[in-house]
Amino acid sequence: MRGLVIKNTGSWYLVRTDDGREIECKIKGNFRLKGIRSTNPVAVGDYVNIILNQEGTAFISEIEDRKNYIIRRASNLSKQSHILAANLDQCMLIVTVNYPETSTTFIDRFLASAEAYRVPVKIIFNKVDAYNEEELHYLDSLINLYTTIGYPCFKVSARKGEGIDTIEKELKGRITLFSGHSGVGKSTLIKAILPDIEIKTGEISTYHNKGMHTTTFSEMFPVPGNGYIIDTPGIKGFGTFDMEEEEIGHYFPEIFKVSADCRYGNCTHRHEPGCAVREAVEKHYISESRYASYLNMLEDKEEGKYRAAY
(Lines give C-alpha, C1' and ligand atoms only; values in the text may rest on other atoms or scores of the structure.)
Protein backbone atom coordinates (compact mmCIF):
# COMPACT_ATOMS: atom_id res chain seq x y z
CA MET A 1 0.00 0.00 0.00
CA ARG A 2 1.39 3.40 -1.04
CA GLY A 3 1.12 6.69 0.80
CA LEU A 4 2.64 10.07 1.68
CA VAL A 5 4.37 10.73 5.03
CA ILE A 6 2.57 13.77 6.47
CA LYS A 7 3.89 13.76 10.06
CA ASN A 8 7.03 12.57 11.83
CA THR A 9 7.17 12.58 15.63
CA GLY A 10 10.55 10.85 15.81
CA SER A 11 9.06 7.58 17.07
CA TRP A 12 6.28 7.04 14.52
CA TYR A 13 5.06 8.39 11.19
CA LEU A 14 1.59 9.34 9.98
CA VAL A 15 1.03 8.18 6.39
CA ARG A 16 -1.85 9.37 4.20
CA THR A 17 -2.55 6.48 1.85
CA ASP A 18 -3.53 6.88 -1.78
CA ASP A 19 -7.11 5.88 -0.86
CA GLY A 20 -7.34 8.71 1.71
CA ARG A 21 -6.77 6.90 5.02
CA GLU A 22 -4.32 8.13 7.66
CA ILE A 23 -2.31 5.32 9.25
CA GLU A 24 0.29 5.48 12.02
CA CYS A 25 3.41 3.57 11.00
CA LYS A 26 6.71 2.51 12.50
CA ILE A 27 9.90 1.62 10.70
CA LYS A 28 11.68 -1.67 11.18
CA GLY A 29 14.79 -1.45 13.34
CA ASN A 30 17.18 -2.31 10.52
CA PHE A 31 15.67 0.17 8.06
CA ARG A 32 18.37 2.44 6.68
CA LEU A 33 18.62 4.45 3.48
CA LYS A 34 21.30 3.55 1.02
CA GLY A 35 24.13 6.08 1.07
CA ILE A 36 22.65 8.51 3.63
CA ARG A 37 23.66 8.39 7.27
CA SER A 38 20.68 10.11 8.77
CA THR A 39 19.07 10.48 12.18
CA ASN A 40 15.70 10.12 10.40
CA PRO A 41 15.77 7.74 7.43
CA VAL A 42 12.12 8.62 6.62
CA ALA A 43 11.09 12.28 6.26
CA VAL A 44 7.87 14.23 5.85
CA GLY A 45 7.17 14.46 2.12
CA ASP A 46 8.44 10.94 1.40
CA TYR A 47 6.30 8.58 -0.66
CA VAL A 48 6.42 5.16 0.97
CA ASN A 49 5.04 1.66 0.74
CA ILE A 50 3.55 0.28 3.94
CA ILE A 51 2.62 -3.19 5.16
CA LEU A 52 -0.34 -3.75 7.52
CA ASN A 53 -0.23 -6.81 9.76
CA GLN A 54 -2.90 -8.74 11.65
CA GLU A 55 -2.43 -6.79 14.89
CA GLY A 56 -3.46 -3.61 13.08
CA THR A 57 0.02 -2.07 13.22
CA ALA A 58 1.76 -0.86 10.10
CA PHE A 59 5.38 -0.75 9.00
CA ILE A 60 7.07 1.31 6.32
CA SER A 61 8.72 -1.22 4.01
CA GLU A 62 10.13 0.99 1.25
CA ILE A 63 10.77 4.63 0.33
CA GLU A 64 10.34 5.79 -3.25
CA ASP A 65 13.17 7.74 -4.87
CA ARG A 66 13.17 11.38 -3.83
CA LYS A 67 12.98 14.30 -6.26
CA ASN A 68 15.07 16.28 -3.75
CA TYR A 69 15.35 16.92 -0.03
CA ILE A 70 16.84 19.45 2.31
CA ILE A 71 19.32 18.32 4.88
CA ARG A 72 21.39 19.70 7.72
CA ARG A 73 24.04 18.23 9.92
CA ALA A 74 22.61 16.70 13.09
CA SER A 75 23.42 19.09 15.92
CA ASN A 76 25.50 16.73 18.03
CA LEU A 77 28.90 16.85 16.28
CA SER A 78 28.10 13.52 14.68
CA LYS A 79 28.79 12.60 11.09
CA GLN A 80 25.05 12.10 10.67
CA SER A 81 22.56 14.33 8.94
CA HIS A 82 18.99 15.30 9.67
CA ILE A 83 16.60 15.45 6.71
CA LEU A 84 14.13 18.30 7.21
CA ALA A 85 11.75 17.27 4.40
CA ALA A 86 11.67 15.55 0.99
CA ASN A 87 10.14 16.08 -2.47
CA LEU A 88 9.84 19.86 -2.20
CA ASP A 89 8.81 22.40 -4.81
CA GLN A 90 10.21 25.25 -2.73
CA CYS A 91 11.36 26.45 0.69
CA MET A 92 10.19 29.57 2.44
CA LEU A 93 12.83 30.75 4.88
CA ILE A 94 11.19 32.92 7.55
CA VAL A 95 13.56 35.67 8.66
CA THR A 96 13.39 38.48 11.24
CA VAL A 97 15.88 41.35 11.50
CA ASN A 98 15.07 41.57 15.24
CA TYR A 99 12.94 39.82 17.89
CA PRO A 100 14.98 37.58 17.34
CA GLU A 101 17.67 38.60 14.86
CA THR A 102 18.41 36.21 11.99
CA SER A 103 22.06 36.57 10.98
CA THR A 104 23.13 36.74 7.34
CA THR A 105 25.45 33.81 8.13
CA PHE A 106 22.44 31.64 8.97
CA ILE A 107 20.51 32.82 5.89
CA ASP A 108 23.48 32.11 3.60
CA ARG A 109 24.13 28.66 5.07
CA PHE A 110 20.50 27.75 4.54
CA LEU A 111 20.50 29.08 0.96
CA ALA A 112 23.74 27.24 0.12
CA SER A 113 22.35 23.94 1.47
CA ALA A 114 19.15 24.41 -0.51
CA GLU A 115 21.21 25.13 -3.67
CA ALA A 116 23.17 21.92 -3.04
CA TYR A 117 19.97 19.86 -3.00
CA ARG A 118 18.25 21.82 -5.82
CA VAL A 119 15.46 23.32 -3.73
CA PRO A 120 14.36 26.87 -4.73
CA VAL A 121 14.10 29.30 -1.78
CA LYS A 122 11.95 32.37 -1.19
CA ILE A 123 12.78 34.60 1.80
CA ILE A 124 9.90 35.86 3.96
CA PHE A 125 10.79 38.85 6.15
CA ASN A 126 8.29 38.74 9.03
CA LYS A 127 7.36 41.18 11.84
CA VAL A 128 7.63 44.29 9.65
CA ASP A 129 5.12 45.95 12.01
CA ALA A 130 7.61 45.72 14.91
CA TYR A 131 10.69 47.45 13.47
CA ASN A 132 12.01 50.97 13.93
CA GLU A 133 13.25 53.09 11.04
CA GLU A 134 16.83 51.82 11.24
CA GLU A 135 15.70 48.18 11.27
CA LEU A 136 13.38 48.77 8.29
CA HIS A 137 16.26 50.37 6.39
CA TYR A 138 18.45 47.31 7.13
CA LEU A 139 15.59 45.00 6.06
CA ASP A 140 15.29 46.82 2.72
CA SER A 141 19.05 46.51 2.15
CA LEU A 142 18.82 42.74 2.75
CA ILE A 143 15.90 42.48 0.31
CA ASN A 144 17.92 44.38 -2.26
CA LEU A 145 20.91 42.05 -1.74
CA TYR A 146 19.00 38.77 -2.01
CA THR A 147 16.68 39.76 -4.86
CA THR A 148 19.72 40.87 -6.86
CA ILE A 149 21.25 37.40 -6.39
CA GLY A 150 17.97 35.82 -7.52
CA TYR A 151 16.05 34.96 -4.33
CA PRO A 152 12.47 36.33 -4.29
CA CYS A 153 11.77 38.25 -1.05
CA PHE A 154 8.50 39.18 0.66
CA LYS A 155 7.63 41.48 3.58
CA VAL A 156 4.86 40.33 5.92
CA SER A 157 3.40 40.83 9.35
CA ALA A 158 1.88 37.48 10.28
CA ARG A 159 0.45 38.98 13.48
CA LYS A 160 -1.40 41.75 11.62
CA GLY A 161 -2.17 39.73 8.49
CA GLU A 162 -0.17 42.04 6.20
CA GLY A 163 1.17 40.49 2.99
CA ILE A 164 -0.44 37.10 3.69
CA ASP A 165 -2.48 37.07 0.47
CA THR A 166 0.74 37.31 -1.58
CA ILE A 167 2.22 34.32 0.27
CA GLU A 168 -0.98 32.31 -0.26
CA LYS A 169 -0.65 32.77 -4.03
CA GLU A 170 2.94 31.47 -3.88
CA LEU A 171 1.79 28.30 -2.08
CA LYS A 172 -0.81 27.16 -4.64
CA GLY A 173 -0.03 23.85 -6.30
CA ARG A 174 3.32 23.53 -4.49
CA ILE A 175 4.82 21.57 -1.61
CA THR A 176 6.56 24.21 0.51
CA LEU A 177 8.88 23.76 3.48
CA PHE A 178 8.65 26.54 6.10
CA SER A 179 11.89 26.94 8.04
CA GLY A 180 13.71 29.44 10.23
CA HIS A 181 14.84 30.12 13.79
CA SER A 182 12.47 29.56 16.70
CA GLY A 183 10.57 32.75 17.39
CA VAL A 184 10.49 34.20 13.85
CA GLY A 185 6.72 33.68 13.69
CA LYS A 186 6.53 30.55 11.58
CA SER A 187 3.56 29.12 13.50
CA THR A 188 1.79 32.53 13.53
CA LEU A 189 2.27 32.77 9.76
CA ILE A 190 0.86 29.27 9.20
CA LYS A 191 -2.08 30.15 11.49
CA ALA A 192 -2.72 33.29 9.39
CA ILE A 193 -2.82 31.15 6.22
CA LEU A 194 -4.73 28.24 7.78
CA PRO A 195 -6.81 29.69 10.65
CA ASP A 196 -8.63 26.40 11.35
CA ILE A 197 -5.62 24.20 12.12
CA GLU A 198 -4.43 23.30 15.60
CA ILE A 199 -0.95 24.76 15.92
CA LYS A 200 0.78 26.35 18.91
CA THR A 201 2.29 29.81 18.71
CA GLY A 202 4.99 30.76 21.19
CA GLU A 203 6.42 33.76 22.95
CA ILE A 204 9.85 35.33 22.56
CA SER A 205 12.13 35.05 25.58
CA THR A 206 12.60 38.72 26.51
CA TYR A 207 15.79 37.89 28.39
CA HIS A 208 17.61 36.35 25.42
CA ASN A 209 15.57 37.84 22.55
CA LYS A 210 15.32 34.29 21.21
CA GLY A 211 12.37 32.16 20.29
CA MET A 212 11.30 29.13 22.24
CA HIS A 213 10.39 25.96 20.35
CA THR A 214 6.67 25.55 19.75
CA THR A 215 6.86 22.88 17.02
CA THR A 216 8.49 19.66 18.16
CA PHE A 217 8.03 17.53 15.06
CA SER A 218 7.57 17.99 11.32
CA GLU A 219 4.08 18.01 9.86
CA MET A 220 2.43 18.61 6.49
CA PHE A 221 -0.74 20.71 6.12
CA PRO A 222 -2.86 20.96 2.94
CA VAL A 223 -3.46 24.55 1.71
CA PRO A 224 -6.13 25.79 -0.71
CA GLY A 225 -5.18 25.41 -4.36
CA ASN A 226 -3.73 21.89 -4.10
CA GLY A 227 -0.58 22.77 -2.15
CA TYR A 228 1.01 21.75 1.13
CA ILE A 229 2.98 23.51 3.86
CA ILE A 230 5.55 21.48 5.77
CA ASP A 231 6.13 22.94 9.24
CA THR A 232 9.40 22.02 10.96
CA PRO A 233 10.86 22.72 14.42
CA GLY A 234 12.82 25.98 14.66
CA ILE A 235 16.48 25.66 13.78
CA LYS A 236 19.21 27.15 15.98
CA GLY A 237 22.16 26.56 13.66
CA PHE A 238 22.62 25.20 10.20
CA GLY A 239 25.64 22.91 9.98
CA THR A 240 26.62 22.13 6.42
CA PHE A 241 26.68 18.49 5.52
CA ASP A 242 28.39 16.47 2.85
CA MET A 243 29.95 19.39 0.95
CA GLU A 244 33.48 19.30 -0.39
CA GLU A 245 35.54 22.44 0.14
CA GLU A 246 35.85 23.11 -3.60
CA GLU A 247 32.06 22.77 -4.04
CA ILE A 248 30.97 25.40 -1.51
CA GLY A 249 31.48 28.32 -3.91
CA HIS A 250 29.17 26.57 -6.41
CA TYR A 251 26.26 27.07 -4.00
CA PHE A 252 26.69 30.86 -3.89
CA PRO A 253 25.35 31.77 -7.36
CA GLU A 254 27.13 35.13 -7.63
CA ILE A 255 30.48 33.65 -6.47
CA PHE A 256 30.13 30.73 -8.88
CA LYS A 257 29.43 33.07 -11.79
CA VAL A 258 32.46 35.30 -11.13
CA SER A 259 34.79 32.37 -10.32
CA ALA A 260 34.90 31.45 -14.03
CA ASP A 261 37.33 34.39 -14.40
CA CYS A 262 39.74 33.25 -11.65
CA ARG A 263 43.26 32.49 -12.84
CA TYR A 264 43.22 29.01 -11.26
CA GLY A 265 40.45 26.49 -11.79
CA ASN A 266 40.65 25.22 -8.18
CA CYS A 267 40.76 28.72 -6.63
CA THR A 268 39.42 28.83 -3.05
CA HIS A 269 38.99 32.64 -3.30
CA ARG A 270 41.03 33.26 -0.18
CA HIS A 271 44.65 34.06 -1.06
CA GLU A 272 45.35 32.90 -4.63
CA PRO A 273 46.72 35.45 -7.14
CA GLY A 274 44.37 36.44 -9.96
CA CYS A 275 41.22 35.69 -7.93
CA ALA A 276 38.23 37.30 -9.64
CA VAL A 277 35.99 36.71 -6.63
CA ARG A 278 38.15 38.72 -4.20
CA GLU A 279 38.38 41.49 -6.78
CA ALA A 280 34.56 41.47 -7.13
CA VAL A 281 34.21 41.77 -3.33
CA GLU A 282 36.63 44.74 -3.29
CA LYS A 283 34.60 46.42 -6.05
CA HIS A 284 31.31 45.63 -4.19
CA TYR A 285 29.95 43.39 -6.97
CA ILE A 286 29.78 40.61 -4.37
CA SER A 287 28.58 41.62 -0.91
CA GLU A 288 31.02 41.39 2.00
CA SER A 289 28.44 39.58 4.13
CA ARG A 290 28.01 36.83 1.51
CA TYR A 291 31.77 36.49 1.08
CA ALA A 292 32.15 36.27 4.89
CA SER A 293 29.51 33.51 4.97
CA TYR A 294 31.38 31.63 2.25
CA LEU A 295 34.65 31.84 4.24
CA ASN A 296 32.78 30.78 7.37
CA MET A 297 31.55 27.61 5.62
CA LEU A 298 35.10 26.88 4.41
CA GLU A 299 36.27 27.09 8.04
CA ASP A 300 33.62 24.53 8.96
CA LYS A 301 35.08 22.09 6.45
CA GLU A 302 38.57 22.60 7.86
CA GLU A 303 37.48 22.13 11.43
CA GLY A 304 35.17 19.28 10.44
CA LYS A 305 32.58 20.27 12.99
CA TYR A 306 29.15 21.75 13.45
CA ARG A 307 28.87 25.17 15.00
CA ALA A 308 25.53 26.13 16.50
CA ALA A 309 26.02 29.85 17.03
CA TYR A 310 24.28 31.02 13.87
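About the criteria used
- Residues numbered from 1 in each chain as written.
- Predicted model: local features only at pLDDT ≥ 70, side-chain atom pairs only at ≥ 80, totals over all residues.
- Heavy atoms only, no water.
- UniProt positions renumbered as here; feature names shortened; annotations may be inferred.
- Helix = DSSP H or I, 4+ residues; strand = E, 2+ residues; numbered from the N terminus.
- Buried < 20%, exposed > 50% of the residue type's maximum accessible area, 1.4 Å probe, protein only.
- Contact = heavy atoms within 4.5 Å.
- pLDDT = per-residue confidence, 0-100.
- Core = buried A, V, L, I, M, F, W, Y, C linked by side-chain atoms within 4.5 Å.

(A) A look at the UniProt feature "binding site: Zn(2+)" (unreviewed entry) in the chain. When the UniProt feature table is mapped onto this chain, "binding site: Zn(2+)" (unreviewed entry) is found at Cys262, Cys267, His269 and Cys275. Take Cys262: it is sitting in the loop between helix H5 (253–259) and helix H6 (276–282). Its relative accessible area of 10% is what places Cys262 among the buried residues. Once residues within four sequence positions are removed from consideration, Cys262 is found in contact with Cys267, His269, Gly274, Cys275, Ala276 and Val277. Within the fold, Cys267 resides in the loop between H5 and H6. In this structure Cys267 comes out as buried when scored by relative accessible area, which is 10%. Look past the residues within four positions of Cys267 in its chain and what remains in contact with it is Cys262, Glu272 and Cys275.

(B) Representation of the confidence of the model for the chain within the structure. Averaged over all residues, the pLDDT of the chain is 86; the fraction at 70 or higher stands at 83%. Contacts of residues 305–310 to residues separated by more than four positions or lying in other chains number 24 contacts, the stretch itself having pLDDT below 50.

(C) Representation of the nonpolar core. The biggest cluster of nonpolar side chains holds 73 residues, and the ones touching the most others in it are Leu88, Ile123 and Tyr146. Among the elements that make up this core, the one with the highest residue count is helix H1 (residues 104–116) (seven residues).

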